[in-house]
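Structural description and commentary
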Amino acid sequence: MSILEHIQQLTQLIREAKKITFFTGAGISTESGIPDWRSSNGLYTQNEKHQDLVSVSYFQSNPKGFWKAYKEIYNIKLLNSYEPNSGHRFITKLQEQGKDVTVITQNNDGLHTAAGTKRVYEVHGTLTDASCPKCKTVYDLDHINNNDIPRCIRINSKDEACNFILRPDIVLFGDQIKHYNESLDNAYASDLFIVMGTSLEVGPINSIPQYIGRTDIPMVLINKDKTNFDDLFDFCIYSGIGETLKEVEKGLRG
């Protein structure tokens, strides 16, 4: 079947679905200009040492050194320059049209939330926030960028600043992923499951599509390349996310 015919199939599935779960990976963010950490040219692939530098153990042993490396590796100062693209906005439009939409994302750039999607499970956390390990106060990207070593400035009962070094709200190497059970429950409750922009090689979150693949819930993959999990899906569309969803959106208006 041609890509066009698969796009028509997807359009019909979206039109009929009431509760849609999107499972997204780096491929949706790269269309906003954000690097894919795990691609052949990605930061993790090019330099395995980066995994040691953004680990729980390194943060605990050397939080000052951690923050210097973390900001350089993730180019934190540029994060505010990235904007949601047509793929993110397409999901939000479905929500605005009355669809019950859930996003399970492996990305930590905050772009699904920035696009206005309400139910987003960032299973690997987010680069846009950091929290105090002691009092749990959450700080935004401006505070992170305005301080070489971000610290908690909350005033405690003794009228003193907490002053603990913050911990970024991403899942570091050595952490457990976040929101797994809620993500799986929402996926099971959906009547359409769409995977976009991921090779599904990263565990344990890749177990969710594998579980859904054992159900009768329709599953569709949109990805530029084939994956080792293509047999899970009713059909696969090997194309860019933005260009694919642009055609779907045209079909939904027709």
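The structure we're discussing is the one just above.
Not measured: the values here are computed from a predicted model. (Residues numbered from 1 in each chain as written. Predicted model: local features only at pLDDT ≥ 70, side-chain atom pairs only at ≥ 80, totals over all residues. Heavy atoms only, no water.)

**Some points on the overall build of the protein**
Rules: Going along the chain from the N terminus, every DSSP run of H or I of four or more residues is numbered as a helix, and every run of E of two or more is numbered as a strand. Radius of gyration: over C-alpha atoms. The globule rule applied is 2.2 Å multiplied by the number of residues raised to the 0.38 power. Note on exposure labels: buried denotes an accessible area under 20% of the residue type's maximum, exposed denotes more than 50%, and partly exposed covers the range between, all computed with a 1.4 Å probe on protein chains only. Here, residues are in contact when the closest pair of their heavy atoms is within 4.5 Å. All accessible-area figures derive from a Shrake-Rupley calculation using a 1.4 Å probe, and residue coverage is judged against the displayed protein chains alone.
Per the secondary structure count, the protein includes twelve helices and nine strands. In summary, the protein has a C-alpha radius of gyration of 19 Å against a globular reference of 18 Å for 254 residues, a match within 12%. The 254 residues of the protein split such that 50% are buried. Long-range pairs, those at least 24 residues apart, make up 64% of the contacts in the protein between residues at least 6 apart in sequence. Only carbon and sulfur atoms are counted for the fraction: they give 45% of the accessible area of the protein, which is about 12,700 Å².

**A look at the sheet that holds strand β2 (residues 100-105)**
For clarity, the threshold we go by: Two strands are counted as paired when DSSP detects at least two bridges linking them. Helix axes use the C-alpha atoms of the stretch in contact, all axes being lines fitted to C-alpha atoms, and the angles between their N-to-C directions lie in the range 0 to 180 degrees.
Pairing within the open sheet is parallel, and its six strands lie in the order β3-β2-β1-β7-β8-β9. Of all strands in the sheet, those bounded by a partner on one side alone are β3 (120-122) and β9 (235-237). Taking the axes of each pair of neighbouring strands and ignoring which way they run, one obtains an average angle of 15° across the sheet. Bridging between β2 and β3 involves three bridges; their strand directions are parallel. Following the sheet pairing, V103 is matched in β3 by V120. Against the sheet, helix α1 (residues 3-16) touches β1 (19-24), β7 (192-196), β8 (219-222) and β9, its axis set at about 115° to β9.

**Regarding the packing of aromatic side chains**
Heads up, the condition is: Between the rings of Phe, Tyr and Trp (Trp by its six-membered ring), a pair exists once the centres lie within 6.5 Å; its type follows the angle of the planes, with under 30 degrees stacked, over 60 edge-to-face, and the other angles tilted.
For the structure shown, the criterion picks out six aromatic pairs. Consider the rings of F66 and Y70, whose centres lie 5.5 Å apart with planes at 20°: the pair is stacked. In this pair, F66 and Y70 both sit in helix α6 (residues 63-73), four residues apart, roughly one turn of the helix. Its relative accessible area of 0% is what places F66 among the buried residues. Between the aromatic rings of W67 and Y70, the centroid separation amounts to 5.1 Å while the plane-to-plane angle is 80°, which identifies the pairing as edge-to-face. Placement of both W67 and Y70 in helix α6 is noted, with a separation of three residues, approximately one turn of the helix. The residues W67 and Y70 share a single accessibility class, namely buried. Aromatic ring contacts, followed pair by pair, group F59, F66, W67, Y70 and Y74 into a single cluster.

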